[in-house]
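# Structure at a glance
Read off the chains here:
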Amino acid sequence: MTAPKILSVAPMMDWTDRHCRYFHRLLTRRALLYTEMVTTGALIHGDVPRHLRFNAEEHPVALQLGGSEPADLAHCAKLGEAWGYDEININCGCPSERVQRGAFGACLMNEPQLVADCVKAMVDVVDVPVTVKHRIGIDKIESYEFVRDFVGRVSEAGCSTFIVHARNAWLKGLSPKQNREVPPLRYELVHRLKHDFPALAFSINGGFADTAQMQAHLRLLDGVMIGREAYHNPWSLSEWDAVFYGEPPSTLTREAVELQMCDYMAREAAEHGTPWSNIARHMLGLRNGLAGARRWRQVWSDHKLKTLPPHEVMDIAHETVAASQ
């Protein structure tokens with residue numbers, strides 16, 4: 001069994017694009033980074049390079065796929081492996097109605113044999129790990145046996161790593177945002193899964209805000225996945241390598257990271273015509289908790305400055321912060 005990375009940053013739609021992952025990689029060398037969910041239809045009928053291109057610096061990086069047709073998922077898994085991804089993950093946790101209309105995401109938990117068929121189809125054609133991200137239940141199904149039987153069936157198809165969002169997914173009546181907040185967290189169910197399937201690897205996801213919480217779960221489980229906290233307070237990632245991987249304390253500074261992001265913005269503009277604002281939005285939480293953070297964010301969010309080179313915008317941001325103190 002391939003051991004999972006101890007820490008990972010969750011796949012988040014509209015957030016964890018390749019620019020966000022480049023930024024996060026500057027903060028932690030060791031955590032596993034996930035793409036946004038990419039549907040099989042987007043890869044089969046759309047622009048493959050646009051969906052799969054990533055920066056070499058992002059490794060280790062996993063591709064999350066959304067789909068429910070074994071043959072389509074196998075095809076896309078092969079594409080992901082060919083493009084260099086280190087892991088292929090299938091989404092069995094997203095509750096959005098758009099995803100449900102495509103008959104995948106969290107509603108797949110109602111069809112464990114179909115998920116098993118999808119996993120087997122992918123495992124048969126790629127050499128990289130195939131993993132599953134799922135919830136502990138759907139709608140009002142709150143019995144442990146539901147998620148236990150799901151994991152048991154899918155693991156028989158060749159999946160040995162499960163990433164479990166420790167909330168139910170409510171398929172009706174809640175928005176995706178509410179689905180991340182309203183259903184109660186039930187961490188104990190994930191702990192029971194590890195107890196009942198000791199040969200499998202389990203990472204837990206949902207509601208973590210500090211390293212003490214993460215360390216507590218790592219005593220019982222194989223990994224912790226962080227979502228919104230990693231995005232909104234990214235500087236916390238800078239201590240992960242030392243705290244969780246035993247590396248020397250980081251000497252990184254926020255200013256150094258910001259400068260490297262400016263270099264990246266300039267390179268992206270030259271090579272792909274990417275506006276710096278498409279990239280800067282991901283680092284707006286970098287100075288959270290520091291004096292002048294709001295003014296710094298305002299500069300980097302100011303569309304009147306979009307015509308300026310990013311290094312000039314950085315200088316304006318720093319001058320604005322200095323003038324406010």
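Residues numbered from 1 in each chain as written. Predicted model: local features only at pLDDT ≥ 70, side-chain atom pairs only at ≥ 80, totals over all residues. Heavy atoms only, no water.

Attention shifts here to helix α1 (residues 18–27). A large share of α1 lies buried, amounting to ten of its ten residues. Those residues of α1 lying buried are Arg18, His19, Cys20, Arg21, Tyr22, Phe23, His24, Arg25, Leu26 and Leu27. (Buried < 20%, exposed > 50% of the residue type's maximum accessible area, 1.4 Å probe, protein only. Helix = DSSP H or I, 4+ residues; strand = E, 2+ residues; numbered from the N terminus.)

Tallying each qualifying case throughout the model produces ten salt bridges. In this structure, the salt-bridge partner of Lys120 is Asp124, at a minimum N-O distance of 2.8 Å. On the basis of relative accessibility, which here comes to 52%, the residue Asp124 falls in the exposed class. A network of salt bridges, in which partner residues are shared, links Arg29, Arg30 and Glu247. (Salt bridge = Lys/Arg side-chain N within 4 Å of Asp/Glu carboxyl O.)

A few words now on helix α16 (residues 310–323). In a regular helix each residue adds 1.5 Å, so 14 residues correspond to 20 Å; α16 covers 20 Å between its end C-alpha atoms and thus fits that length. Inspection of α16 places Pro310, Val313, Met314, Ala317 and Val321 among the buried residues, and these make up the whole buried set. Projection of α16 onto a plane perpendicular to its axis shows the buried side chains occupying an angular sector of 105°, all on one side. Seen from the open side of α16, the exposed residues pointing more than 90 degrees away from its buried face are Glu319, Ala322 and Ala323. Contacts made by the buried residues of α16 are with α13 (254–272), α14 (276–280) and α15 (293–300). (Expected span 1.5 Å × (residues − 1). Arc of directions from axis to C-beta. Contact = heavy atoms within 4.5 Å.)

In the case of a regular strand, side chains alternate between the two sheet surfaces. Counting buried positions along strand β2 (residues 32–39) gives six out of eight residues, so the element sits mostly inside the fold. In this structure, strand β1 (residues 7–9) lies alongside β2, joined through two bridges in parallel fashion. From the neighbouring strand, Val9 faces β2, where its bridge partner is Leu33. On the question of chirality, the crossover connecting β1 to the parallel β2 by way of α1 is right-handed. Pairing geometry for β2 and strand β3 (residues 61–66), over five bridges, is parallel. If you follow Tyr34 over to β3, its bridge partner there is Ala62. (Pairing = 2+ DSSP bridges. Right-handed = clockwise from strand over helix to strand, strands pointing away.)

The interhelical angle for the contact between α13 and α16, taken along N-to-C directions, is 150°, at an axis separation of 8 Å. Classified by the angle between their axes, α13 and α16 sit roughly antiparallel to one another. Of the residues in α16, those touching α13 at Glu255, Glu258, Leu259, Cys262, Asp263, Met265 and Ala266 are Pro310, His311, Met314 and His318. Each residue belonging to the contact of α13 with α16 can be placed in one class, and the counts come to six nonpolar, two polar and three charged. (Axes fitted to C-alpha atoms, helices over the stretch in contact; angles between N-to-C directions. Parallel < 35°, antiparallel > 145°, perpendicular 65-115°, else oblique. Nonpolar A, V, L, I, M, F, W, Y, C, P; charged D, E, K, R; others polar.)

A few words now on the environment of Ala74. By secondary structure assignment, the location of Ala74 is in helix α4 (residues 70–83). Sequence separation between Ala74 and Phe146 is 72 residues; the distance between their C-alpha atoms is 26 Å. The contact partners of Ala74, leaving out residues within four places of it in the chain, are Ala121, Met122 and Val125.

Coordinates in, geometry out; function isn't part of it.
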